[in-house]
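The lines below spell out each chain.
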Amino acid sequence: MTIRDDQTTPNGGRRLYETRPPRERAFLVGVELTGSRSAWKAEDSLQELALLADTAGLDVVGSTYQRLKQPFPRYFIGPGKIEEIAALRDTLHYDLVVFDDELTPAQARNVEDALQTRVLDRTGLILDIFARHAQTHEGRVQVELAQYRYLLPRLRRQWTHLERQAGGGGASAGGVVGLRGPGETQLEVDRRLIARRIQWLEQQIEEVHRHREVYRERRRQSGIPVVAIVGYTNAGKSTLLNALSGANVRAEDRLFATLDPTTRQVTLPGGQQILLTDTVGFIQKLPTHLVAAFRATLEEIREADVVLHVLDITHPNAAQQTQTVLDTLRDLQVEDRPTLTVLNKVDLMVGINEAEVGSIAETLGMPDDYVAVSARKGWGLDTLLRRIEQTLSERMMPLTALIPYRRNDLVSLWHTRGVIDEERYEAEGTLIAGRLPVDLLRWFEPFSRPVCAA
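Source: prediction; values computed, not measured. (Residues numbered from 1 in each chain as written. Predicted model: local features only at pLDDT ≥ 70, side-chain atom pairs only at ≥ 80, totals over all residues. Heavy atoms only, no water.)

*Asks:* Could you clarify how one ought to interpret the overall build of the chain in this entry?
*Replies:* The number of helices and strands found in the chain is 15 helices and 18 strands. When burial is assessed residue by residue, the chain has 49% of its 454 residues classed as buried. By sequence separation, contacts in the chain at least 24 residues apart represent 69% of the contacts at least 6 residues apart. Counting only carbon and sulfur atoms, one obtains 49% of the accessible surface of the chain, whose full area is about 22,400 Å². (Helix = DSSP H or I, 4+ residues; strand = E, 2+ residues; numbered from the N terminus. Buried < 20%, exposed > 50% of the residue type's maximum accessible area, 1.4 Å probe, protein only. Contact = heavy atoms within 4.5 Å. Areas by Shrake-Rupley, 256 points an atom, 1.4 Å probe, with all protein chains shown as cover.)

Pasting the structure below:
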């Protein structure tokens, strides 16, 4: 960053201002496989790639795509398309070419040699964004592990001075691109150092997994329900968490603005307390390296009592995004979790009434019991909280109990962890009828009653 002072203020003084280094210029390349079952068109996927590039600090100067029955083994795209892209170099002055699919190491090298420029694929771009946005130790470890797993088969005479990191206690969130080394001997050294680093990072992830499992076991014993917010990146998950909990989680109109999961306590209308967890956004063609590295985090979804699927109802590719999220949940084996569909950003639908929102939801294949909200404006949040409460109550057991006054701690526990349909003060204690999580029933069974007297 440089500081310049070549502007004059109205009073004759000099104004200082900052100029940032110029952003790199990127040219985007996509492929649409004609035999694929994907609902994404090449044009739409490239538009999303352009947003990813902007988030990564790149300026997109052009794009192209090709329809193929299957990728070409050498360049992924056809040799004629490679020549076309090369011919644009003098006109567009791009610094790198970004592919919308993951390239094999050989394909990436072949394209670099043919275009004489740097080549990045979608996976590498997403990993770079994650590295920029990871704030916690856990997030940085997860991203670094994914980076090294991605880099290892792509090493080519690179020397990254990894011995400086091999014994460190903290994970590096930066890139792993270095300078060319002396040859094959150094390449083997690089591979051994990266393999050792991967082993250490895997141990750190396993430690995270153990800590989370201890935390989840304590949570199960307490009976506090967990509601996980999932959805496509930039669907408004963090904004919804902030609106429901009063938290101050970073929320920006950018892809993957939030990476590290956040949990906040929320009180439902009936007094029951829940833990609301914001998770990393999903995206089409999600790199397998990230899915594996984020295992400990994504397990939070599997443990959730209710899943909130947040969808940006105004997005032109809302149907494709919905299918991507459902496919990802299926891959994570959590499609059987009770799920509430939240149609977000309805405040941006100018001139659309409630009936028309329902028609759009039907077109997208949404279930009939969706909740339309605006997390930014606060619309529909009370309805959403009541629906969460209703869904949780369906997973509780009914109980009527006469709790002695000396056990008012149990009355308080019922208020915060269960649902109360009726509460009355009797001579012997407090008579309560309602529902409780199964894990808490053992505390109340000594005081249970067959019915609640009228």
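*Asks:* Looking at this structure, I do not really get the environment of Ala146. What am I missing?
*Replies:* Position of Ala146 relative to the elements: it lies in helix α6 (residues 137-151). Put simply, Ala146 and Gly124 are 22 residues apart on the chain and 9.9 Å apart in space, counted from C-alpha to C-alpha.

*Asks:* Teacher, can you tell me more about the pattern of salt bridges here?
*Replies:* Any two side chains of opposite charge can pair, on the condition that their charged atoms come close. Counting across every chain of the model gives 23 salt bridges. Across the salt bridge formed by Arg210 and Glu207, the nearest N and O atoms sit 2.2 Å from each other. Of the two residues, Arg210 and Glu207 are both situated in helix α7 (residues 184-222); the distance of three residues between them amounts to about one turn of the helix. By relative accessible area, Glu207 is classed as partly exposed at 32%. In this structure, Arg330 engages Asp327 in a salt bridge whose closest nitrogen and oxygen atoms are separated by 2.8 Å. Taken together, the positions of Arg330 and Asp327, both in helix α11 (residues 318-331) and three residues apart, correspond to about one turn of that helix. Accessibility expressed as a relative area gives 43% for Arg330, which makes it partly exposed. Overall, Asp327 belongs to the partly exposed group, its relative accessible area being 30%. One network of salt bridges, with partners in common, ties together Glu48, Asp100, Asp101, Arg122 and Lys285. (Salt bridge = Lys/Arg side-chain N within 4 Å of Asp/Glu carboxyl O.)

*Asks:* What am I meant to see in the packing of aromatic side chains here?
*Replies:* Aromatic rings in a pair are described by how distant their centres are and how their planes are angled relative to each other. Per the stated rule, a full pass over the model turns up three aromatic pairs. A ring pair is formed by Phe27 and Tyr94, whose centres lie 5.7 Å apart and whose planes are at 35 degrees; its orientation type is tilted. One end of the pair, Phe27, is in strand β3 (residues 24-33); the other, Tyr94, is in the loop between α3 (89-92) and β5 (96-99), and 67 residues separate them in sequence. Like Tyr94, Phe27 is buried. (Phe/Tyr/Trp six-rings, centres within 6.5 Å; stacked < 30°, edge-to-face > 60°.)

*Asks:* In this structure, what is going on with the UniProt feature "binding site: Mg(2+)" (unreviewed entry) in the chain? I would like to understand it.
*Replies:* Within this numbering scheme, the UniProt entry marks Ser238 and Thr258 as carrying the feature "binding site: Mg(2+)" (unreviewed entry). In this fold, Ser238 is placed in helix α8 (residues 237-245). (UniProt positions renumbered as here; feature names shortened; annotations may be inferred.)

*Asks:* What's the story with α8 in this structure? I'm lost.
*Replies:* At 3.6 residues per turn, the α-helix brings residues three or four places apart onto the same side. Among all positions of α8, only Lys237, Ser238, Leu240, Leu241, Asn242 and Leu244 are buried. One or two positions beyond α8, positive phi appears at Gly246, with a value near 75 degrees.

*Asks:* Just checking my understanding: could you explain unusual backbone geometry for this structure?
*Replies:* Most peptide bonds take the trans form, and the phi angle of most residues other than glycine is negative. In this structure, Asn234 takes a positive phi of about 70 degrees despite not being glycine. In this structure, Asn234 sits in the loop between β9 (226-231) and α8. Positive phi, normally seen in glycine, also occurs at Lys285, with a value near 60 degrees. Inspection of the secondary structure assignment puts Lys285 in the loop between β11 (273-278) and α9 (288-293). Residue Lys285 is classed as partly exposed on the basis of its relative accessible area, which comes to 35%.

*Asks:* What's the story with the environment of Pro287 in this structure? I'm lost.
*Replies:* Within the secondary structure layout, Pro287 lies in the loop between β11 and α9. Relative accessible area serves as the criterion here: at 2%, Pro287 is assigned to the buried category. A sequence separation of 186 residues divides Pro287 from Asp101, and the C-alpha atoms of the two residues are 9.7 Å apart. Non-local contacts of Pro287, meaning those with residues more than four positions away in its chain, are made with Thr123 and Ile126.

*Asks:* Honestly, the packing of helix α1 (residues 42-55) against helix α5 (residues 122-133) in this entry has me stumped. Any pointers?
*Replies:* Two quantities define a packed helix pair, namely the angle between the axes and the distance from one axis to the other. Taken N-terminus to C-terminus, the directions of α1 and α5 make an angle of 35 degrees; their axes are 9 Å apart at the nearest point. For the crossing formed where α1 meets α5, the hand is left-handed. In contact with Ser45, Glu48, Leu49, Leu52, Ala53 and Thr55 of α1, α5 contributes Arg122, Leu125, Ile126, Ile129, Arg132 and His133. Of the residues belonging to the contact of α1 with α5, the class tally is six nonpolar, three polar and three charged. (Axes fitted to C-alpha atoms, helices over the stretch in contact; angles between N-to-C directions. Left-handed = near helix turned anticlockwise from the far one by under 90°. Nonpolar A, V, L, I, M, F, W, Y, C, P; charged D, E, K, R; others polar.)

*Asks:* Just to check I follow, could you spell out α5 for this structure?
*Replies:* The end-to-end C-alpha distance of α5, which contains 12 residues, comes to 17 Å, matching closely the 16 Å that a straight helix rising 1.5 Å per residue would cover. By the burial criterion, the buried members of α5 are Arg122, Thr123, Gly124, Leu125, Ile126, Leu127, Ile129, Phe130, Ala131 and His133. Looking at the buried residues of α5, the elements they touch are α1, β4 (58-68), β5, β6 (118-121), α6 and α9. (Expected span 1.5 Å × (residues − 1).)

*Asks:* How do you make sense of the pairing of β9 when you look at a structure like this?
*Replies:* Most of β9 sits inside the fold, with six of its six residues counted as buried. Burial along β9 is two-sided: Val226, Ala228 and Val230 facing one way and Val227, Ile229 and Gly231 facing the other are all buried. With four bridges joining them, β9 and β11 adopt parallel strand pairing. Bridging from a neighbouring strand, Ile229 pairs with Asp278 of β11. Relative to strand β12 (residues 306-312), β9 is paired through five bridges, and the arrangement is parallel. (Pairing = 2+ DSSP bridges.)

*Asks:* Any chance you could explain the sheet that holds β6 here in plain terms?
*Replies:* With respect to topology, four strands assemble into an open sheet ordered β4-β3-β5-β6, the strand pairing being parallel. Looking along the sheet, the strands with just one partner apiece sit at the ends: β4 and β6. Averaged over all pairs of adjacent strands, the angle between strand axes in this sheet comes to 25 degrees, irrespective of strand direction. Inspection of the sheet shows β3 paired to β5 by four bridges, in the parallel sense. Across the sheet, Val29 pairs through a bridge with Phe99, a residue of β5. Sheet strands in contact with helix α4 (residues 105-115) are β5 and β6, and its direction is about 145 degrees off that of β6.

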